[in-house]
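A structural walkthrough
Residues per chain, in single letters:
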Amino acid sequence: MDILAGLNPAQKEAVEAINGPVLILAGPGSGKTRVITHRVAYLIKVTGISPRRIMAVTFTNKAAREMEERLEKLASASVQNITLGTFHAICARILRTDGPAMGIDKKFVIYDDDDQIALIKRSLQDLALDPKQFAPRALQSVISNAKSQMLAPGDLGGKSYFEEVTRRVYERYERLLGDSSALDFDDLLMKTVLLFKQNHDVLDKYQSRYMHIQVDEFQDTNLVQYELVKLLAGKYRNICVVGDPDQSIYSWRAADIRNILNFEKDFPDAKVILLEQNYRSTQLILDAATNVISANRQRKPKGLWTKNEKGEGPYVIETYSEEEEAQWVVNEIDRLVRSGVVKSGDCAVMFRTNAQSRVLEEAFIRYGMAYRLVAGTRFYERREVKDIIAYLRLIQNPNDSVSLMRVINVPQRGIGERSLDELTRWAKDQGVNEYRALQLIADAGDDLPFSPRTVKALAGFAAMLQNLIEKSQELDTVKLFDLVIDKTGYKQYVTGLVDGDERWENIMELRGVAQDFKDMAPEEGLTALLESVALVADVDALPEKTETVTLITLHQAKGLEFPVVFIIGMEEGILPHYKSIDDPAQLEEERRLCYVGITRAKQKVYLVRAFRRHLMGSSNVNKPSRFLEDIPSNLITRGGVIGKEDEWATTYKVSMNEPKQSKELPEFKAGDHVVHEQLGEGVVVSYRRTKNDAEVAVAFDGAGIKRFLLSFAKIEKK
DNA sequence: CGCAAGTACCTTTTT
DNA sequence: GGTACTTGCG
C-alpha cells in the first residue's frame with residue numbers, strides 16, 4: 001500500500017477514514033492537498049471505488065488544476081472520470097443537463113460581474129431610478145449576498161427605503177435575466193439547490209452516483225454551497241470537508257465560517273482530524289505567524305508545530321516611500337539571487353490591493369528584472385475580448401440582451417444611443433426582448449418609430465446575426481471564430497484602433513482558446529468554449545515553477561508556497577485595509593490575510609512598509625501595521641518593530657537615494673550600441689536625465705524595448 | 001450620429 | 001492616478 005507511505009499518523013488517518021462524515025482541520029503547510037489527493041487515490045486504488053462515483057470540489061480553478069495534476073501522478077488514467085472542479089463549474093454542468101426540468105433554457109449564458117452591472121443599470125432605467133442615488137455596485141453586492149443565502153426578492157424586507165428599492169431592482173433584474181436566458185454566478189449555485197429540492201428524481205440521480213464527496217477550502221464556502229454539499233451527500237453520507245478557519249479570507253463573498261461549526265452539528269458522528277504538523281516554514285516563521293493569528297479573539301487555538309530548523313525570523317523593513325519600497329524589494333531579490341541563495345523563481349512579492357502592483361512593476365521594469373504578475377488586468381475583461389465573446393454568446397443564445405446591446409454598434413453601424421433607447425422602449429411595449437424586436441423590425445417595414453436609415457441598420461445587424469447562427473450549425477469553433485471577426489467587421493475595426501496590434505494579439509489569443517474545442521461537434525464546441533471562458537477567469541494556466549519573480553495579491557497567494565516571501569505595504573490602512581478597520585470581524589479577516597501571507601514562506605519572509613505613501617493622488621504618512629506589533633521582537637531577525645512616524649530617523653531604515661547623487665553617470669544618446677549584463681546587446685532608443693539619475697530605453701533583439709535607471713542598470717557602451 | 005475633450009468619480013479581495 | 005460618463009462640436 002504505497003499510497004500511505006510517507007504520511008504521518010494524522011494524515012494517514014485522514015486518508016483512511018473513508019466511511020461516514022469527516023472534518024479535516026488543516027493548518028498551513030500541513031500537507032492538506034497531499035491528504036486529499038491521496039484520499040482519492042486510496043479510494044480508487046485500494047478500495048476499488050469507481051472514479052465516476054467520486055466528486056472533488058474546489059474553490060478555485062487553480063486548486064482544481066493542481067489536484068488534477070497530482071492525481072494524475074498517483075492514480076493516472078482513471079482521473080478523467082472523477083467529477084473534479086469548482087462549485088460553479090460543477091453546477092453549470094448539472095444545470096446544462098437537468099436544468100430544463102425546472103424551466104432553465106439549456107442554452108443559458110453565464111453572466112459575470114460586468115454583465116450583472118449592465119443588467120442592474122438596465123433595471124434602474126426601467127424603474128426610473130437614479131443610478132447615482134442607488135449605486136449599481138452596491139445593489140449588485142446586496143443581490144449577490146441575498147442569492148448566497150437563497151433569498152428571493154420577496155424575502156427582502158421593506159424595512160428601509162433602500163431595502164425596498166433593492167427588492168424592486170432585484171425583482172426586475174431577475175426578470176431581465178430570464179428574458180435573456182442568462183444565469184449569474186450565484187444562480188449557478190442557487191438554481192442547482194432549487195433543482196435538487198424541487199425535483200426528487202434529479203436529486204436521486206446525483207445522490208446515487210456520488211458515493212464519495214470531498215470539499216476543499218471548506219472555510220470559504222457560503223450557505224448555498226454547503227446546502228448543495230449536504231444534498232449531494234444525503235444518501236451515502238461519505239462526505240469529507242477540509243478547511244482551516246484561520247485561512248478564511250472570503251467572508252465578503254458571503255463565505256461563512258459557521259459552516260464548519262454547523263458541519264459538526266449536522267453530522268454529529270463526524271470524525272474530526274487535526275493536521276498540525278507544518279512541513280513548510282522554519283520554526284521562527286511559524287512562530288511569528290502563530291503570534292499574529294493568536295491575536296484574533298474569534299478562533300479556536302491550534303497547536304501548530306514543525307520539525308524544521310529554527311531558521312530566520314521575519315525581516316521587518318521600513319523604507320521612505322513606496323517607490324523605495326519597490327526598489328528595495330528588487331535590490332534584495334537581486335542580492336539574494338547573486339549570492340546564490342535562491343533563484344528568482346523562488347521569490348514572491350505579495351500585496352493587499354492590486355493597485356500596489358503598479359509601482360512594483362515599474363521598479364522591476366526599470367531594473368530589467370523579469371517578473372510575472374498573476375492576473376493583472378484579467379484577460380477576459382479586456383474590451384476586445386469581451387466583444388468577441390459577446391458575439392459568440394449571441395450566436396449560441398441570441399436572447400442574451402446584455403451581449404446584444406454591447407455589440408450592436410461595435411464596430412459602428414450607425415445605431416446610436418437614441419436608436420438604442422428607442423429600440424429598448426419599443427421592445428418593452430411589444431413585450432418582447434431585443435432580439436425578437438430586431439426580427440420584427442426587419443419584417444415590418446413601415447409604421448415604426450425609427451427612421452428608414454435606422455431600420456436598415458437594425459435589419460442589417462439582425463440579418464448578419466441570423467447568418468452567423470445558421471453557419472454555426474456546421475462550423476467548428478475556430479472556423480466560426482474567424483467568420484465572426486470577418487463578418488462583423490471586427491477585424492478591420494480593431495486593427496484601426498490606437499492599440500490595434502495589442503488588441504489584435506489578444507483576439508488571437510482568444511482564438512487559441514477556441515482551438516481547444518475545435519474537434520467537438522459544432523454546437524457542443526461553442527457551448528463548451530463559452531463555459532470555459534465564463535468560469536475560468538485566469539487565463540494563466542502557467543506551471544507553478546517559473547524562472548521569474550511572482551507578484552501576487554495575498555488572496556491569490558492562498559494555497560501557494562515560496563522559499564522567499566515579501567509582503568509589502570505593512571501599514572495601517574493598507575494591511576489592515578482602511579475599509580476594514582472599524583469592524584472587528586473584518587479586522588480579524590485582515591489579520592487572517594496577513595497570516596496567510598506569512599505562512600506562504602518557507603525560508604525567508606520580509607515584512608516591508610513605506611513611511612510615506614501616495615494614495616488616491618495625495619501623499620500620506622501611514623502608521624506601521626498593527627500586525628507587526630503582534631510579532632515578539634525576539635523573533636525578528638532584523639529591523640524590529642518600527643516606532644511612531646516622527647521616530648522614523650532613529651529606527652532601522654533603508655534608503656537608497658542618498659549616496660547616488662555624486663556618482664558619475666554614463667551618458668548615452670539614441671543609436672548607441674550597448675551591452676546589458678543579462679539582456680545582451682541592444683541599441684539605445686532614448687536617453688533622459690532626471691533629478692539624480694538618468695533614464696535610458698534600450699531596444700534588445702530578443703527582449704524588445706526595456707527602460708532602465710542608469711544608477712541601477714548594468715549597461716555599458718559597446 | 002460619431003468623436004474629442006472635459007468632468008466627476010472612485011478606489012479590496014474573485015467564481 | 002485612472003476610468004467611466006457627460007458635454008460640445010463637426
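Structure first, text after, so check above.
Structural notes, computed from the coordinates.

Reading guide: rules and limits
Residues numbered from 1 in each chain as written. Chains lettered and ligands numbered in written order. Predicted model: local features only at pLDDT ≥ 70, side-chain atom pairs only at ≥ 80, totals over all residues. Heavy atoms only, no water. Helix = DSSP H or I, 4+ residues; strand = E, 2+ residues; numbered from the N terminus. Buried < 20%, exposed > 50% of the residue type's maximum accessible area, 1.4 Å probe, protein only. Contact = heavy atoms within 4.5 Å. Areas by Shrake-Rupley, 256 points an atom, 1.4 Å probe, with all protein chains shown as cover. Axes fitted to C-alpha atoms, helices over the stretch in contact; angles between N-to-C directions. Parallel < 35°, antiparallel > 145°, perpendicular 65-115°, else oblique. Disulfide = S-S within 2.5 Å. Polar contact = N/O pair within 3.5 Å; in protein donor to acceptor, adjacent residues only side chain to side chain. Core = buried A, V, L, I, M, F, W, Y, C linked by side-chain atoms within 4.5 Å. Salt bridge = Lys/Arg side-chain N within 4 Å of Asp/Glu carboxyl O.

Overview of the overall build of chain A
- Secondary structure assignment for chain A yields 26 helices and 22 strands.
- For chain A, the proportion of its 718 residues judged to be buried stands at 54%.
- Considering only contacts in chain A between residues 6 or more positions apart, those separated by 24 or more positions represent 75%.
- Only carbon and sulfur atoms are counted for the fraction: they give 49% of the accessible area of chain A, which is about 32000 Å².

Points about the packing of helix α6 (residues 136-148) against helix α7 (residues 161-179)
- Close contact between α6 and α7 brings their axes to 10 Å; oriented N to C, the two are set at 75 degrees. The angle between α6 and α7 places the two elements in the roughly perpendicular class. Listed contacts from α7 to Leu 139, Val 142, Ile 143, Ala 146 and Lys 147 of α6 are Phe 162, Thr 166, Val 169, Tyr 170, Tyr 173, Glu 174 and Leu 177.

Re the state of the cysteines
- All chains considered together, the criterion is met by zero disulfides.
- As a non-bridged cysteine, Cys 240 has Cys 91 as the owner of its nearest cysteine sulfur, 19 Å distant.
- Taking the relative accessible area as the measure of exposure, Cys 240 reaches 0% and is therefore buried.
- Residue Cys 594 stays outside any disulfide, its sulfur separated by 19 Å from that of Cys 347, the closest cysteine.
- You can call Cys 594 buried: its relative accessible area is 1%.

Observations concerning helix α10 (residues 223-232)
- Where burial is concerned, most of α10 is hidden: seven out of the 10 residues are buried.
- Listed in full, the buried residues belonging to α10 are Val 224, Gln 225, Tyr 226, Leu 228, Val 229, Leu 231 and Leu 232.
- For α10, the N-terminal capping position is held by Asn 222, with its side-chain oxygen 3.1 Å away from the main-chain nitrogen of Val 224.

Considering the nonpolar core
- Counting 53 residues, the largest nonpolar core has Leu 392, Ile 408, Phe 461 and Leu 510 as the members making the most contacts within it.
- Looking at this core, the element that brings in the most residues is helix α19 (residues 452-472), giving nine residues.
- In terms of nonpolar packing, the next biggest core, distinct from the first, is built from 40 residues, Ala 92, Leu 95, Phe 196 and Val 241 among them.

A few points about unusual backbone geometry
- The residue after Val 410, namely Pro 411, is reached through a cis peptide bond having omega -5 degrees.
- As for its placement among the helices and strands, Pro 411 is situated in the loop between α16 (401-407) and α17 (417-430).
- Of the consecutive residues Leu 575 and Pro 576, the connecting peptide bond is found in the cis state with omega at 5 degrees.
- Examined against the element boundaries, Pro 576 turns out to sit in the loop between β15 (562-567) and α25 (584-598).

Some thoughts on the pattern of salt bridges
- In this structure the tally under the stated criterion is 45 salt bridges.
- Close ionic contact of Asp 220 with Lys 558 constitutes a salt bridge, the shortest N to O distance being 2.2 Å. Note that Asp 220 is positioned in the loop between β6 (212-215) and α10 and Lys 558 in the loop between α24 (554-557) and β15, a separation of 338 residues in sequence.
- Given the relative accessible area of 10%, Lys 558 is considered buried.
- Across the salt bridge formed by Arg 358 and Glu 362, the nearest N and O atoms sit 3.4 Å from each other. Pair noted here: Arg 358 and Glu 362 are both in helix α14 (residues 357-367), with a separation of four residues, about one helical turn.
- Owing to a relative accessible area of 37%, Glu 362 belongs among the partly exposed residues under this scheme.

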